[in-house]
Amino acid sequence: MAINAKLVPPASPANGPGGRPSGWLLALDTATDQAGIALFDGVRIAEVSWPAGRRQTVRLLPAIEGLLAACDISLDAVGAIGVAIGPGTFTGLRVGLSVAKGLAALSERAIIGVSTIAIAAEPYGSSGDPVLVTLPAGRGRVVWAVKEAGEEAGEPVNSSLEELAAVLADHPEFLLAGELLPDQREHLLAVHHHAAPITASARRPSSLARLAWERWLRGELDDPELIEPIYLHGQSGGR
């Protein structure tokens, strides 16, 4: 695991009642085999990302403790939890949401759920090209969604790799980004060459942190009892 800390543009947090930002936001993303966490206070951000496989259960809490310690921050300084709610795997989402709900229950922290697709698309918010964001769905299938310039990502679609390749062949303007298995990426790049570098395609926990922070600023919080995961196999259809 690598810890990256950097300054980002301030978000001018508003402290006060009604769940408005006060302190740090802890972001948790265990939606797929690529896991990550981040700390963000509107100015400073630190993040950790690692290939967790199916070991999110044993790795997440130590990773949180390690990042807090590396930043010399106590858990008491965390005022909200941002969590990826999917699409994602059953085990990964269960782990992330369970930990998020548990931490939110302590000291009545705010909880904010964010779409995995929105997290993957966030770095391309200023791109002039439409972005097609992907997630591997198992059994050779892919969940994907298109984010048009200046708009939020559309509804996720669960399709075969061949169906997605056909969509990309019909839309050479799409920037291909997001998480893919190596053979899936190779297959798609054979028919579509407009793609983000592999190092830029993985979801960044800092993207989740920024999206959750913006919702926290607006007071758009989720009910810990009602927040629900979105599983990879819950979407179907085509474009």
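Residues numbered from 1 in each chain as written. Predicted model: local features only at pLDDT ≥ 70, side-chain atom pairs only at ≥ 80, totals over all residues. Heavy atoms only, no water.

## Regarding helix α1 (residues 56-70)
Then, number 1: The terminal C-alpha atoms of α1, which comprises 15 residues, lie 20 Å apart, in line with the 21 Å expected from a rise of 1.5 Å per residue.
Then, number 2: Gln 56, Leu 60, Ala 63, Ile 64, Leu 67 and Leu 68 are the residues of α1 that are buried. End-on view of α1: buried residues confined to an arc of 125°, all on one side of the axis. More than 90 degrees from the buried face of α1, the exposed residues found are Glu 65, Ala 69 and Ala 70. (Helix = DSSP H or I, 4+ residues; strand = E, 2+ residues; numbered from the N terminus. Expected span 1.5 Å × (residues − 1). Buried < 20%, exposed > 50% of the residue type's maximum accessible area, 1.4 Å probe, protein only. Arc of directions from axis to C-beta.)

## What about the nonpolar core?
Then, number 1: In terms of nonpolar packing, the biggest core is built from 28 residues, with Leu 26, Leu 28, Ile 37, Leu 39 and Ile 64 touching the most fellow members.
Then, number 2: Only β2 (24-29), β3 (34-40), β4 (44-51), α1, β5 (78-84) and α2 (90-105) provide two or more residues apiece to this core.
Then, number 3: Counting residues per element, this core draws most heavily on α2, at six residues.
Then, number 4: Contact partners of Leu 39, with chain neighbours within four places excluded, come to Trp 24, Leu 25, Leu 26, Arg 44, Ile 45, Ala 46, Leu 67, Leu 68, Cys 71, Ile 73 and Val 78.
Then, number 5: If you look at the next biggest cluster of nonpolar residues, it comprises 19 residues, including Leu 25, Ile 112, Ile 119 and Ala 212. (Core = buried A, V, L, I, M, F, W, Y, C linked by side-chain atoms within 4.5 Å. Contact = heavy atoms within 4.5 Å.)

## Overview of the confidence of the model for the chain
Then, number 1: Taken as a whole, the chain shows an average pLDDT of 87; of its residues, 89% reach a score of 70 or greater.
Then, number 2: Per-element mean pLDDT across the chain ranges from 41 in strand β1 (residues 2-7) up to 98 in β2.
Then, number 3: Contacts from residues 1-19, a stretch scored under 50 in pLDDT, to residues over four places away or in other chains number 45 contacts.
Then, number 4: Segment residues 235-239 is flagged for pLDDT under 50; beyond a separation of four residues in sequence, or across chains, it makes 17 contacts in the model. (pLDDT = per-residue confidence, 0-100.)

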